[in-house]
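Per-entry structural report
One letter stands for each residue in the lines below.
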Amino acid sequence: MMMMHLLYNIGWLLALNLPALFAACPDKDPDLHHWNPGHDKEHRLNVGLNRKLLLSSSATVHSIHIYDGGKLVISDGNEEPILLRTRSILIEDGGELHIGSEDCPFQKDFTIILYGRSDEETENLHSYFGLKFIGVGRGGTLEIHGAHKLSWTFLNNTLHPGGMSKGGYYFERSWGQRGIIVHVINLIGEVVHSDRFDTYKSEDESKRLAEYLDRVKEGLIISVAVNDEGSAKLDDFAKNALSKLGSKYFRHLGFRHPWSFITIKGSPESSAEDHVIYQGARGSAAAKVFKLFRSSDGNPFTVGSTSEWVQDVEWTDWFNRDDERGSGDWEKLSDLRVAFPGKICESPIDIQVVTVDGTPASRTAQVFHMHDQDYGFVCRNKDQANGICHNYKVRFLCGKPVRPKVTVTIDTHVNSSILELADDARTWKAGDVIFVASTDYSMHQTEEFRLLRCPECKANQVKIQGKAKYLHMGKEVDGVDMRAEVGVLSRNVVIMGEMEAQCYGNNACKFFEFDTVGGHIKMGVGFKAAHIEDVELKHMGQQSMGHYPIHFHMTGDLDEKGGYNPPTYVKGVSIHESFSRCVTIHGSNGLLVKDVIGYKTLGHCFFTEDGPEERNTFDHCLGLLIKAGTLLPSDRDSKMCRSITDGAYPGYIPKPRQDCNAVSTFWIANPNNNLINCAAAGSEETGFWFIFHHVPTGPSEGMYSPGYSEHMPLGKFSNNRAHSNYRAGMMIDNGVKTTESNAKDKRPFLSLVGARYSPHEGADPHKPRQPAIIKNYIAFKNQEHGAWLRGGDVWLEDCQFADNGIGLTLASGGTFPDDDGAKQEVKNSLFVGESENRGTEMADNLVWGPGGLDHSGRALPKGVTFPIRGVQIYDGPINVENCTFRKFVALDGRHTSAIGFRFNNSWQTCPNNNVTNITFQDVPITSRIFFGEPGIWFHHLDMDGDKTTILHDVDGSLSEFPGAYIVKHDNWLLRHSDCIDVPDWRSAICSGHYAQVYIQARQPSSLKMKMIKDEYPDKPLYLKGALGKHSHYQQYQPVIMLQKGYTVHWDGPAPQEVTIWLINFNQNDWIRVGLCYPQGSTFNIISDIHNRLSKRTFKTGSFLRTNQMDNLDRGYPGRGYYFLDEDTGLLFVKVKAHNSRGQFSFCSSAGCERIKIKASIPKNSRVSDCTRKAYPKYSEMPTVDVPMPQKIPIEPLTTNDHFLEVKLESYQSRFFHIRQDLAYSYVNGKKYYHADDGMQIVAIDAKSGKVVDNRSFRNMILRGIPVHVENYIANMKNNSIVLVTSKGRLISERPWNKVLTQLGATSVKLKDYLVFVGFKGSFRPDWVKLIVGEEMAKLHEVIPIPVINKLKL
């Protein structure tokens, strides 16, 4: 009875739960009919009229159409995998396809293969979905839910080259680790202790080495090797100790000899040793020892030790001496050496030849007469089928000076490695394929592995087959999370395209050797439901529009707003080896894309298409190995850009870097989307790119008003990371061309164009600004930029940047901010120049060279000489606050700096660029900021923006002078007499009130402008204008010091129209400007206010001519005066602001105040340069309106180095008829006066900055032969700063030349007065300077303490 009751209850429970079971697991539905059609490629399956089928075996059909209540369910009860081959699956009008469900994920193995060729004469090819598709149309339902797997996580322990499986070890050192390096290893292959002994520097280290070896227990393995140099201070204690261990060569070790030694303590007969002679600076040499051991349990392991001098190689610059005209292109090595002296090494290792547009010579199909690194390159026109060569350029591979390297390895001979991960990975199974992302500059260092069974692994460990080829970081490095992403590609549910062996037909075979017509999944308008989860998509996407692995096409709102409950999502999907994109969202909103991997794809990966896509969320998505595709200009690389000109206007000449070259992992066409916890781990161009459609394009046309997306506030952007990208980790910049090509703009539709981002509430520029907040963003190992951000209020908080070519570029508003009053800022963030993640020295690292901090070898972002920067300022205004800069160290030949400026910059630089509360760690004070100098990366440094750079050091944390402005050292529009030179920065520390004037010139617009401050007429500033010479007007954008007088001159007849804009003027700020005009010119001058937002202009006054300069000050709103000095040709106006201005606004609250001058200029007028007549007539005595700030004392400073302020003057004072010579030296607040005529020398210790001696040498004692001075200098300690001032007339010049030259002076030509800052030591610092003059000599600069010689590149 009791048993019957129990059975009754069980049956009752089953009856209650069967409906829920059927709902959760779709293959349990009792209404399903088994369908096992076998294999028939002509079978067209129609599932309609409420027919419900259960597929439980593999099948091949022509196509499947599910409609009108039909349902196809895949059985999850089979032991054997199910494979379904079909050309297409169309789901519409109430049809449903179910593979598992959200509550009952599919557990067995199921694969859909989509087959077909694009060149087949296929009947009824679907007009919307095309071929090889799963298409979900109106009323269709697609539910795919595979078994859940952890999609991707992070490596939690570094994976070294060689795998470093359990028991393995890898050790490498170079410069900075000189001496004898010892490792003690036990008999199971574990390092139990290691140490370094600098026996080059100290005999004490030699004795310590002997004692160390004596303490090692017998039976332990000892590995000993030399790194760099270890012989100089070796004594007999150490030599005897090594000889006792079995060494035969150590006793005779010579200077820099590579030497490696391995032995077992107590068994000298077991020793293995190698020793070679140092080959000098241009030859490699290596001593290598490898010895096999066997542990107590019988497992073998090998200890390896290598001591070597490594010769690195690097490519020269490109050379193009000849072109194809004449008999051909002759780039002979002998000719190139003459044309480019000193640029090519004696014995090149290799030669590389490309056309001037970058096509490799091997791909041109031309015949070459000579192609050899010893001879050069020759292409003869007569050898070519078309009678003419291309224009080629060449470069040569050259060996560099050697560097030391010591390597110690322990190899356990197991062809597997155990990875420690950040998360529980027990859902990953043996046989799964995983990848470990690159943590270096090249995305191609990503590696794939297959998982092995691992009973011994913990929950967060997996065992991989094989060993790593590259270094993959598994830890935080220098405060930056550089852990490699580790993802699994395998899923139990697979949808894949069936591919041909090679490219065929009209399928972009010009660019791809492989078949690019994969399968695709597409959701169309009005689908009923779509949820795709834990699926593997392989060989999906096509190089044709609209056919992508997963594509939501014009589907509107996909969440509750659109009636979808549960909301539509794509989760846990692995998309790899895709031929076009990963997930495409087109005209769709509110989609959740979570835990999705995009791996090895062509074209933008996570792609929002036309601009109206909003409220979509990408959460914990990962994309890597993203390569160029052909579909859009922005997808294309340079070759594609030049070749594909469909839609371009006749005569279009592609400019790949401007029009194309933008393939990105995340391509976001509307800011109102969310990116959270995502990673862009390697693209040929960019990781995250926010792009702007001024108007929506394609089918989305008309969905929003012009400019809507540029003003749309940013969605949530937090905890994202980007690395191993070429162009940038992140870009906020550019738009796409939304008009068809025409004669005025020949570029194709959707080419890249300029755009500015300015977020406002409700995307309305008339409403308050709403800053775009970027939080916890990490960018490392991006070759060009960690992030490039252009626009209005874009603010970064708690971000990390490391090992990028340029960490962060802030490009606020260009010439005129579209969002006046906005600023960019970065707060509470970390910037690392060269981290301990040095990379792997292999061919994939195209640039390998010395690091700045210790000179050891490392992968570098671009050329070996590229000036790495943490923050790059383009224009402004910007704010850098509470940020830390770490490990930015310049070399002699590489101008690394924590802060820098955009070089080759024609735009403006805003005086409201502020830095506050900056911390420097392992950044020499000389590398804090750099203003550039002419050279390979800075070009001629003669663009307008290069000359007008300025930065405000609000609290002195940059310069040690609170409130100071840092300006370019040779810009005397910004300098005054008390400014302090900073030679290492190529800048000066100044004080003052600064603003800008924009001077617009029309008719003509091609002139160069010269501007002179009246206080320094011999130090003009030359500007060529920010706009191209073909512009209808030109704009000059100098930064100026307020309350001063200036004159403006031209290199041709003056422009007929000049408009002076007041930029960054506060109310009542003014300057006086005299503009040069030809004789006989007449003028019409007005003032107005232009509101750039409303594009309305209001006249505010007129100017009348006055005959007195003083009347310029008597103008008032509505009435101004101008003064024309006909003798000099100068037209003077007082430029004054009458309205208040917001803190970061360029213009006043009423708009931009301007003065417009229209001139009637006589024909045949000459050059309008009035300088000679203007000065000295209008010269002013230099004054300092804002006193210089006091330097912060040394005590509160947190860094080990600091600036030493020195000021030297030698001059003649006049009081009526009395003349008196005066001279002094000033050192950090203390003056040393010069009492007698002669020479005063102040000696300063270059390490501490303390004055160690102050000596005067009187002329009456020297009698013209300064032997006393020569002896004094000769006896002075090395590494001394030497300050020299003269007082009175020097008796003899020639003997002094020798003394000054010994202290670093060059081209010595003495005059009556002399001041000199020199250095006694083995090198010449940048700050060594000699000033001489007829009436006075003055020098005021800061010197970095301690004085350190930069390592040479």
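Since the structure is predicted, the reported quantities are computational estimates derived from the model, not experimental observations. (Residues numbered from 1 in each chain as written. Predicted model: local features only at pLDDT ≥ 70, side-chain atom pairs only at ≥ 80, totals over all residues. Heavy atoms only, no water.)

Helices and strands together make up the secondary structure of the chain, namely twelve helices and 97 strands. Structurally, the chain occupies a C-alpha span of about 135 × 95 × 85 Å along its principal axes. Per-residue burial over the chain gives 59% buried out of 1353 residues. A total of about 54600 Å² of accessible surface is found on the chain, and carbon and sulfur atoms cover 49% of it. Across the chain, the mean location of the 152 positive side-chain charges is 6 Å away from that of the 158 negative side-chain charges. (Helix = DSSP H or I, 4+ residues; strand = E, 2+ residues; numbered from the N terminus. Buried < 20%, exposed > 50% of the residue type's maximum accessible area, 1.4 Å probe, protein only. Areas by Shrake-Rupley, 256 points an atom, 1.4 Å probe, with all protein chains shown as cover. Lys, Arg positive; Asp, Glu negative; His and termini not counted. Charge placed at Lys NZ, Arg CZ, Asp CG, Glu CD.)

Attention shifts here to unusual backbone geometry. Across the junction of N565 and P566, the peptide omega takes the value 5 degrees, indicating a cis bond. By the secondary structure assignment, P566 is in the loop between β38 (550-557) and β39 (569-571). Cis geometry marks the peptide bond from Y1175 to P1176, where omega comes out at 15 degrees. Residue position: P1176 is located in the loop between α9 (1171-1174) and β89 (1202-1215). Within the chain, D93 stands out as a residue other than glycine whose phi angle is a positive 50 degrees. You can see D93 is positioned in the loop between β8 (88-91) and β9 (96-99).

Next up on the list: helix α11 (residues 1267-1275). Given 3.6 residues to a turn, an α-helix orients residues that are three or four positions apart in the same direction. For α11, the set of buried residues is V1269, Y1272 and I1273. All buried residues of α11 lie within an arc of 95 degrees about the axis, which places them on one face of the element. Exposed side chains of α11 directed beyond 90 degrees from the buried face belong to A1274 and N1275. (Arc of directions from axis to C-beta.)

What follows covers the pairing of strand β65 (residues 869-873). Burial of β65 is extensive: five of the five residues sit out of reach of the surface. Judged from the four bridges that link them, strand β60 (residues 806-811) and β65 form a sheet pairing that is parallel. Within β65, the position partnered with L810 by the bridge is I873. Note: β65 against strand β68 (residues 897-901), four bridges, orientation parallel. Note on β68: the bridge partner recorded for V871 is I899. (Pairing = 2+ DSSP bridges.)

Where helix α2 (residues 203-215) meets helix α3 (residues 236-245), the axes come as close as 7 Å, and the angle between the chain directions of the two elements is 30 degrees. Taken as axis vectors, α2 and α3 run roughly parallel relative to one another. When you trace α2 past α3, the crossing you get is left-handed. Residues S206, L209, A210 and L213 of α2 pack against F237, A238, A241, L242 and L245 of α3. Classifying every residue of the contact of α2 with α3 gives eight nonpolar, one polar and no charged. (Axes fitted to C-alpha atoms, helices over the stretch in contact; angles between N-to-C directions. Parallel < 35°, antiparallel > 145°, perpendicular 65-115°, else oblique. Left-handed = near helix turned anticlockwise from the far one by under 90°. Contact = heavy atoms within 4.5 Å. Nonpolar A, V, L, I, M, F, W, Y, C, P; charged D, E, K, R; others polar.)

Locating S991 in the fold gives a position in the loop between β75 (987-990) and β76 (994-1002). A relative accessible area of 3% means that S991 is categorised as buried. Engagement of the side chain of S991 in a polar contact is seen with the backbone oxygen of V1186, the distance being 2.5 Å. (Polar contact = N/O pair within 3.5 Å; in protein donor to acceptor, adjacent residues only side chain to side chain.)

Okay, the sheet that holds strand β22 (residues 328-332) next. With antiparallel pairing, the three strands of this open sheet are ordered in space as β22-β25-β24. Edge positions in the sheet fall to β22 and β24 (370-372), since each has one partner strand and no second. With strand direction ignored, the average angle separating the axes of adjacent strands in the sheet is 15 degrees. As paired strands, β24 and strand β25 (residues 376-380) are joined by three bridges and run antiparallel to one another. Opposite H371, over in β25, you have F377 as the bridge partner.

Right, let's talk about α3 for a bit. Among all positions in α3, only A238, K239, A241, L242 and L245 are buried. Take α3 and look down its axis: the buried residues cluster within an arc of 160 degrees, on one side only. Residues F237 and K244 are exposed on α3 and point more than 90 degrees away from its buried face. On its buried face, α3 sits against α2, β17 (221-227), β18 (259-264) and β19 (267-275). Residue D235 occupies the N-cap position of α3, its side-chain oxygen lying 3.2 Å from the main-chain nitrogen of F237. Directly after α3, the chain includes G246, whose backbone phi takes a positive value near 120 degrees.

This brings us to the side chain of D946. The topology assignment puts D946 in helix α8 (residues 944-947). Among buried charged residues, D946 stands out as having no salt bridge; its nearest opposite-charge side chain is K1024, 8.0 Å away. One polar contact links the side chain of D946 to the main-chain amide nitrogen of N904, over a distance of 3.1 Å. Leave out the neighbours within four places in its chain, and D946 touches R902, F903, N904, N905, L941 and K968. (Salt bridge = Lys/Arg side-chain N within 4 Å of Asp/Glu carboxyl O.)

In terms of nonpolar packing, the biggest core is built from 119 residues, with I774, Y777 and F885 touching the most fellow members. Dropping the residues within four chain positions of it, F885 is found in contact with F831, G870, V871, V880, A898, I899, I918, T919, F920, Q921 and V923. Counting residues in hydrophobic clusters, the runner-up holds 48 residues, among them Y965, A1054, V1058 and Y1077. (Core = buried A, V, L, I, M, F, W, Y, C linked by side-chain atoms within 4.5 Å.)

Moving on, we get to the confidence of the model for the chain. Across the chain, pLDDT averages 92, with 96% of residues at or above 70. Taken together, the stretch residues 6-21 has pLDDT below 50 and engages in one contact with residues farther than four places along the chain or on a different chain. (pLDDT = per-residue confidence, 0-100.)

The subject of this paragraph is the pattern of salt bridges. Scanning the model with the defined rule gives 60 salt bridges in all. One salt bridge connects K108 with E79, and the closest N-O pair in it is separated by 3.8 Å. One end of the pair, K108, is in the loop between β9 and β10 (110-114); the other, E79, is in the loop between β6 (71-74) and β7 (82-86), with 29 residues separating them in the sequence. Residue E79 is classed as exposed on the basis of its relative accessible area of 70%. A salt bridge links D195 to R208; the shortest N-O distance between them is 2.9 Å. On the criterion of sequence distance, the pair formed by D195 in strand β16 (residues 191-197) and R208 in helix α2 is long-range, its members being 13 residues apart. The exposure class of D195 is partly exposed, given its relative accessible area of 25%. Relative accessible area serves as the criterion here: at 28%, R208 is assigned to the partly exposed category. The network of salt bridges with shared partners includes D478, E836, R838, D854 and K887.

Let us now look at the state of the cysteines. Here the structure, examined in full by the defined rule, presents ten disulfides. For C503, the disulfide goes to C509, at an S-S distance of 2.0 Å. Sign of the S-S torsion, about -90 degrees for the bond between C503 and C509, identifies this disulfide as left-handed. Looking at C621, it has no disulfide partner, and the nearest cysteine sulfur is the one in C678, 4.6 Å off. You can see C883 has no disulfide; the closest cysteine sulfur is in C799, sitting 8.9 Å from it. (Disulfide = S-S within 2.5 Å.)

Under the definition given, this model contains 52 aromatic pairs. Taking 4.8 Å as the distance between ring centres and 65 degrees as the angle between the ring planes, the aromatic pair formed by Y965 and Y994 counts as edge-to-face. Placement of the pair is Y965 in strand β73 (residues 964-968) and Y994 in strand β76, with a sequence separation of 29 residues. Comparing Y965 with Y994 shows no difference in burial state: the two are buried. With 5.2 Å between their ring centres and 65 degrees between their planes, W985 and F1203 make a pair best called edge-to-face. Remark: F1203 occurs in strand β89 and W985 occurs in the loop between β74 (980-982) and β75; sequence separation between them is 218 residues. F1203 matches W985 in its accessibility class, with the two residues each being buried. When the ring centre of Y1033 is taken as origin, the NZ or CZ atom of R1002, which lies over that ring, is 4.6 Å away. (Phe/Tyr/Trp six-rings, centres within 6.5 Å; stacked < 30°, edge-to-face > 60°. Lys NZ or Arg CZ within 6 Å of the ring centre and 35° of its normal.)

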